[in-house]
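Spelled out, the chains give:
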Amino acid sequence: FDVLSNPYLLDDLELMAEVVSRFVAEGAFVDGADGSPPTPLFESILTELEPVALVLIRANADLTIPQERPLLHLAAGVGLKRVIKALLAAGVDVN
């Protein structure tokens, strides 16, 4: 079940974030099944799913997995201010 591309959930980002939060609470892998890029956090920022990105950051998504672009730069590029603040608070590498 791919939550991030589910057409029924794309209409309600808060509901999508709640579904992701419940999956995480039940033990879903925050960084994807194998932890390889692109991670769910990267994809949620790239597709501007801010509530989902915030859930994943709060669930301790690994901010050190090398991605196509640095998470902080990606979030800044799409203008997700709350995600930028959350990444900084979580200790993301600023370089």
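For the structure, see preceding data.
Every chain begins its residue count from 1, and numbering advances along the sequence as written. Under the rules for a predicted model, residues below a pLDDT of 70 receive no local features and side-chain atom pairs below 80 are neither given nor counted, while totals for whole chains, interfaces and linings still include all residues. The side-chain quantities take in all heavy atoms of the structure and omit both hydrogens and water.

K.L.:
For this particular structure, what's the right way to read helix 6 (residues 81–89)?
P.N.:
Because each turn of an α-helix spans 3.6 residues, side chains separated by three or four positions end up pointing in the same direction. Among all positions in helix 6, only Val-83, Ala-86 and Leu-87 are buried. Across the axial projection of helix 6, the buried residues extend over an arc of 100 degrees, all falling on one side. Along helix 6, the residues that are exposed and aim more than 90 degrees away from the buried face are Lys-81, Lys-85 and Ala-89. Two residues form a contact once any of their heavy atoms are found within 4.5 Å. Numbering goes from the N terminus for both helices and strands, where a helix is a DSSP run of H or I of at least four residues and a strand is a run of E of at least two. For helix 6, the secondary structure elements touched by its buried residues are helix 3 (40–46), helix 4 (50–58) and helix 5 (71–78). Among the residues trailing helix 6, Gly-91 stands out with phi positive, at a value near 90 degrees. We call a residue buried when its accessible area falls under 20% of the maximum for its residue type, exposed when it is over 50%, and partly exposed in between, using a 1.4 Å probe and counting protein chains only. In this context, the arc is that of the directions from the helix axis out to the C-beta atoms.

K.L.:
Quick question: what am I supposed to make of the nonpolar core here?
P.N.:
The tendency in soluble globular proteins is for nonpolar side chains to be buried side by side. By nonpolar core we mean a set of buried residues, namely Ala, Val, Leu, Ile, Met, Phe, Trp, Tyr and Cys, connected to one another through side-chain atoms within 4.5 Å. Counting 26 residues, the largest nonpolar core has Leu-41, Ile-45, Val-52, Leu-56, Leu-71, Val-83 and Leu-87 as its most contacted members. Sorting the residues of this core by element identifies helix 2 (13–25), helix 3, helix 4, helix 5 and helix 6 as the ones contributing at least two each. It is helix 4 that provides the largest number of residues to this core, a total of 6 residues. The contact partners of Ile-45, leaving out residues within four places of it in the chain, are Ala-53, Leu-71, Leu-74, Ala-75, Val-78, Leu-80, Val-83 and Leu-87.

K.L.:
Could you clarify how one ought to interpret helix 4 in this entry?
P.N.:
Of all 9 residues in helix 4, 8 are buried, a share of seventy percent or more. Of all the residues in helix 4, the buried ones are Glu-50, Pro-51, Val-52, Ala-53, Leu-54, Val-55, Leu-56 and Ile-57. Next to the buried residues of helix 4 lie helix 2, helix 3 and helix 6.

K.L.:
Could you clarify how one ought to interpret the environment of Arg-69 in this entry?
P.N.:
Tracing the backbone through its elements, the reader meets Arg-69 in the loop between helix 4 and helix 5. Given the relative accessible area of 36%, Arg-69 is considered partly exposed. Taking C-alpha positions, Arg-69 is 11 Å from Ile-45, a pair spaced 24 residues apart along the chain. With residues near it in sequence (within four places) discarded, Arg-69 still touches Phe-42 and Leu-74.

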